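# Structural overview for review
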Amino acid sequence: MERSLRSARTATFVYFVLCGTLMGTWVVHIPAIEQRTGISHATLGLLLVLLGLGAFAGMQVAGRLSDRIGARVVVPVSAALCAATLVLPGLPRDPWTLAGALLVFGFFDGCLDVSMNAHAVHVEKAYGRPVMSAFHATFSVGGVLASLVAAGAAGAGAGPAATLGVSGAVGVVVAVVAARGLLPAEGVPGAVSGTAPEVVPDTAPAASARRRKAPGRIWVLALLAAMVMLAEGAANDWSALHLKDVLGAPSDVAAIGYGTYAAAMTLGRLLADRVSGRFGPLAVLRYGSATAAAGITVVALAPWLWAAFAGWALFGLGLSGCVPQLFSAAGRVDPAAAGTNVSRVSGIGYLGMLSGPAVIGWLTHVVALNHAFLLLTVLCAVAAPAAGVLRADTGAGSGSGSGSGPDGQAVPNSAIDSASRSRAQSRADSSV
C-alpha cells in the first residue's frame with residue numbers, strides 16, 4: 001500500500017497544479033477580457049463576486065458528494081468539467097454573457113477545489129504527518145505556469161479565447177490521466193497499514209455525520225479562512241496595480257510585484273509542513289498572520305518601490321501556511337464528514353478570496369488604494385490571536401494528540417499507528 005499512497009500523493013499534487021493553472025489562466029486574462037467586454041473596474045469587481053458565488057455553490061455540492069461517493073470519483077470529474085468550461089469567459093463580448101460564463105466556471109472550480117482538498121486531508125491522515133501545505137504550494141506553481149503560458153501565447157498573437165480553449169483541452173486530458181492514482185474511498189485512512197475496510201467508518205455513521213449540524217468550531221475556522229483568503233484575493237488582483245498606480249512603476253516592473261508575492265507564498269508553503277510538524281499548526285497560523293499583517297502594513301505605507309517589494313514578499317510568506325492549517329483542521333473535526341466540513345470552511349474562505357478584490361475596489365472610492373490595504377492589516381491582526389481555535393483539535397478526529405503540537409498534530413498518526421487508542425484503530429488491531 002506504500003506505493004499506492006505515494007501514487008495518491010503524486011496525483012493530488014497534479015490536481016492542485018491543474019487547479020492553480022486553470023484559475024491562473026483566467027486571472028492573467030482578466031485585463032484583456034475586461035477590455036473586450038468594455039466593463040469598468042467596478043463592474044469587474046461585481047463579476048468576480050459572482051464567480052465566488054458559483055465557486056461557493058460548487059464547493060457545497062462537491063463536499064457532500066465526496067463524503068457520499070468518494071473523492072476518487074468527484075475530483076477527476078470536477079477537474080475535467082472545470083477545464084472544459086475554462087474557455088467560456090474568453091468568448092463573451094458583453095457583461096451579461098460574461099456573468100453567466102463566470103458563474104459556470106466558478107461552480108466547477110469550486111467543485112474541484114473542495115474535492116481535491118478533501119482528498120488531500122485523507123492523504124495527510126494516511127501519511128501521519130503534515131503534507132497539506134506542500135499541496136497548496138503546487139497550486140501556486142500552477143499560477144506561475146499559467147502566467148508563463150499566457151505570456152507565450154500573447155507573444156504568438158493568440159487571443160484569450162484561443163489560449164483558454166487550448167489550456168482547457170490539455171486540462172481535461174490531465175484530469176482523466178491523473179485519476180488512476182487517487183485513493184479509493186474505502187481505503188483512505190488505512191492506506192499504509194492495509195487495514196482500510198476496518199478503519200473507515202461505516203456508511204451509516206457517515207450518513208449520520210452528514211445530517212448533524214456543523215460543530216461551532218467549523219464556523220470559526222470558516223471565518224478565519226474568509227479573513228485570510230480575502231487578503232490573498234486582494235493581493236492577487238491589486239498588487240501590480242498598486243505598484244503601477246501608486247508608486248509609478250512601469251508595467252513590466254509592476255508585474256514583478258505579484259511575482260514577488262507569489263514566489264514568497266510558494267516558498268513558504270514548501271517549508272510550512274516542516275514548521276507545522278515541529279511547532280504545530282497553531283504557531284504557523286498565529287505567527288504567519290502576524291507576519292502578513294506587518295508585510296501589508298509596509299506595502300500600505302511605503303513610499304519606495306524596494307520597500308513595497310519587501311512588503312509584498314513578507315505578506316506572501318506570512319499568509320503561505322495559514323489556509324492549509326485551517327483546511328486540515330476542518331477535515332480532522334469529523335473524519336466521516338471530512339468533505340462536508342472542508343467544503344464549509346473552504347466555501348466561506350473562497351467567498352472571501354473572490355470578494356477581496358471587489359472589497360478593495362469599493363474602498364478605493366473612499367481612500368487611496370494603498371490605504372485600502374490597511375483593511376488587510378486589521379484582518380490579519382485579528383486572525384493571529386484567533387489561531388487559538390486550533391488547540392481544540394487535540395481531541396478531534398480518530399485519536400488524541402500526543403503532545404506533538406498545540407493542535408494535536410498526532411491525530412493523523414492515530415489512523416495508522418498500531419498503538420492508537422482510537423475506536424477506528426482498535427478495530428484494525430484485530431487484523432494486525
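What you are looking at is a predicted structure, and each value in this text was computed from that prediction instead of being measured.

Here we come to the overall build of the chain. Each helix and strand in the chain was counted, giving 19 helices and zero strands. Of all 432 residues assigned to the chain, the portion counted as buried reaches 57%. Here the chain displays about 16,700 Å² of accessible surface, and carbon together with sulfur accounts for 67% of that area.

Attention now goes to the side chain of aspartate 113. Turning to its location among the elements, aspartate 113 is positioned in helix α5 (residues 95-127). Nearest to the buried, unbridged aspartate 113 among oppositely charged side chains is arginine 269, at 9.3 Å. Once residues lying within four places of it in the same chain are set aside, the contact partners of aspartate 113 are Cys19, Met59 and Tyr350.

Attention now moves to the pattern of salt bridges. A pair can form between side chains of opposite charge whenever their charged atoms are brought close. Inspection of the entire model under this criterion finds two salt bridges. Its salt-bridge partner being arginine 332, residue glutamate 124 comes within 3.8 Å of it at the nearest N-O pair. In this pair, glutamate 124 is assigned in helix α5 and arginine 332 in helix α14 (residues 322-333), connecting sequence segments 208 residues apart. For the pair glutamate 124 and arginine 332, a shared accessibility class is recorded, and that class is buried. Where arginine 269 meets glutamate 232, a salt bridge forms, and the shortest distance between an N and an O atom there is 3.4 Å. Placement of the pair is arginine 269 in helix α11 (residues 251-279) and glutamate 232 in helix α10 (residues 216-246), with a sequence separation of 37 residues. Both residues of the pair, arginine 269 and glutamate 232, count as buried.

Among the secondary structure elements, serine 328 is positioned in helix α14. Given the relative accessible area of 3%, serine 328 is considered buried. Filtering out sequence-adjacent residues up to four positions away, serine 328 remains in contact with Val121, Glu124 and Met132.

Summing up the model confidence of the chain, the mean pLDDT is 80 and the portion of residues at 70 or higher is 83%. The low-confidence segment residues 186-210, where pLDDT is below 50, has 48 contacts with residues more than four positions distant or belonging to other chains. Note on residues 394-432: pLDDT under 50 across the span, and 85 contacts to partners over four residues away in sequence or across chains.

Our next topic: the packing of aromatic side chains. Using the criterion set out here, one finds eight aromatic pairs in the structure. Aromatic side chains tyrosine 261 and tryptophan 312 sit 6.3 Å apart centroid to centroid with 80 degrees between the ring planes, which places their arrangement in the edge-to-face category. With a gap of 51 residues between them, tyrosine 261 in helix α11 and tryptophan 312 in helix α13 (residues 305-319) connect regions that are remote in the sequence. Of the two residues, tyrosine 261 and tryptophan 312, both sit in the buried class. Relative to phenylalanine 315, the ring of tryptophan 312 lies with its centre 5.9 Å away and its plane at 65 degrees, an arrangement referred to as edge-to-face. Separated by three residues within a single helix, tryptophan 312 and phenylalanine 315 lie in helix α13, roughly one turn from each other. Grouping residues by exposure puts tryptophan 312 and phenylalanine 315 together as buried. For arginine 9, the ring lying beneath its charged end belongs to tyrosine 127, and the centroid distance is 5.1 Å.

Moving on, we come to empty space enclosed by the protein. Sizing a probe to match a water molecule and rolling it over the atoms shows the empty space that remains. Across all of its chains, the model carries two cavities of 30 Å³ or more by this definition. Estimated volume of the largest cavity: approximately 40 Å³. As for the largest cavity, its lining consists of eleven residues, and the residues nearest its centre are Glu124, Pro130, Met132, Gln325 and Ser328. Mapped by element, the contributors of at least two residues to the lining of the largest cavity are α6 (132-155), α11 and α14. Take the lining of the largest cavity: its biggest share by element is four residues, from α14. When grouped by side-chain class, the residues that make up the lining of the largest cavity number three nonpolar, five polar and three charged.

So, how was this worked out
Every residue gets a number counted from 1 within its own chain, in the order that chain's sequence is written. Residues qualify for local features only when their pLDDT is at least 70, as the model is predicted, and side-chain atom pairs are given and counted only at 80 or more; totals for whole chains, interfaces and linings, by contrast, use all residues. Calculation of side-chain values draws on the structure's entire complement of heavy atoms; hydrogens and water are dropped beforehand. Secondary structure elements are taken from DSSP: a helix is a run of H or I of four residues or more, a strand is a run of E of two residues or more, and numbering for both begins at the N terminus. Only protein chains enter the accessibility calculation, which uses a 1.4 Å probe; a residue whose area is less than 20% of its type maximum is buried, one above 50% is exposed, and one in between is partly exposed. Areas reported here follow the Shrake-Rupley algorithm with a probe of radius 1.4 Å; residue values treat only the protein chains shown as occluding. Residues scored as positive are Lys and Arg, those scored as negative are Asp and Glu, and His as well as the terminal groups of each chain are ignored. Whenever Lys or Arg places a side-chain nitrogen within 4 Å of a carboxyl oxygen from Asp or Glu, that contact is recorded as a salt bridge. Whether two residues are in contact is decided by their heavy atoms, any of which lying within 4.5 Å being enough. For every residue, the pLDDT score states the predictor's confidence, bounded by 0 at the bottom and 100 at the top. Paired rings are identified among Phe, Tyr and Trp, the last through its six-membered ring, by centres lying within 6.5 Å, and are further divided according to the angle between planes into stacked (under 30 degrees), edge-to-face (over 60) and tilted (the rest). Comment: the charge-over-ring label is applied if NZ (Lys) or CZ (Arg) is within 6 Å of the ring centre and within 35 degrees of the ring normal. Cavity and pocket criteria rest on a 1 Å grid covering protein atoms alone: a 1.4 Å probe that fits but cannot get out defines a cavity, protein on both sides within 12 Å along at least 5 of 7 lines defines an open pocket, and an atom within 4 Å of a point defines a lining residue. Grid points are joined across faces, edges and corners, and a volume is the space filled by probe spheres set on the points. Classes in brief: Ala, Val, Leu, Ile, Met, Phe, Trp, Tyr, Cys and Pro nonpolar; Asp, Glu, Lys and Arg charged; the others, Gly included, polar.

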